[in-house]
Amino acid sequence: MLILDVPPQRLSRTSFMQAALRQALRSNCRFPMGAILTQGNRVLASAPNKKRNSPMIDYRHSTFHAEEAVLRRVSNTEGATIYVARVNARRQPAMAKPCGRCQQAMLQAGVRRVFYTSHTGVVQGMVLLQDPM
């Protein structure tokens, strides 16, 4: 029997990503995505992406992105981490890198780290930094 010594940080990251995948499965959008906002080992908010209005009314803003939905639920997100996941039609992880608009919203809200699923199922990460102007 093989026993692995996994650091607690790794276990929590895995469980947060699993929770984001569960949120994505709750979505009824064409591209199901879910997000979990955390600070330390606490979950601050979770949400799937949601339909906002008919694409025929406003095709550019027909959904609330999952990242936007979790940011709306919490007032203090300074230094938080967000986990974003997407599932494809076969219910497997797919590319979930946040769009530019969501990255900007997360940066303004004080979120510093983002972890997201890739098309290969591997979790990718990025650090959000302010542009020095």
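Residues numbered from 1 in each chain as written. Predicted model: local features only at pLDDT ≥ 70, side-chain atom pairs only at ≥ 80, totals over all residues. Heavy atoms only, no water.

- The protein chain appears in an unreviewed UniProt entry as Deaminase from Streptomyces sp. 900105245.

## Digging into the packing of aromatic side chains
Part 1 of the reasoning: The tally for this structure, following the rule as stated, stands at 2 aromatic pairs.
Part 2 of the reasoning: With centroids separated by 5.3 Å and ring planes inclined at 50°, the aromatic side chains of Phe 16 and Tyr 83 adopt a geometry described as tilted. Separated by 67 residues along the polypeptide, Phe 16 in helix α1 (residues 8-26) and Tyr 83 in strand β5 (residues 81-87) bring together distant segments of the chain. Here Phe 16 and Tyr 83 have matching classes, each one buried.
Part 3 of the reasoning: With a centroid separation of 5.3 Å and 20° between ring planes, the pair formed by Tyr 83 and Phe 115 is classed as stacked. Taken as a pair, Tyr 83 in strand β5 and Phe 115 in strand β7 (residues 113-117) lie far apart in primary sequence, 32 residues in all. Each member of the pair, Tyr 83 as well as Phe 115, is classed as buried. (Phe/Tyr/Trp six-rings, centres within 6.5 Å; stacked < 30°, edge-to-face > 60°. Helix = DSSP H or I, 4+ residues; strand = E, 2+ residues; numbered from the N terminus. Buried < 20%, exposed > 50% of the residue type's maximum accessible area, 1.4 Å probe, protein only.)

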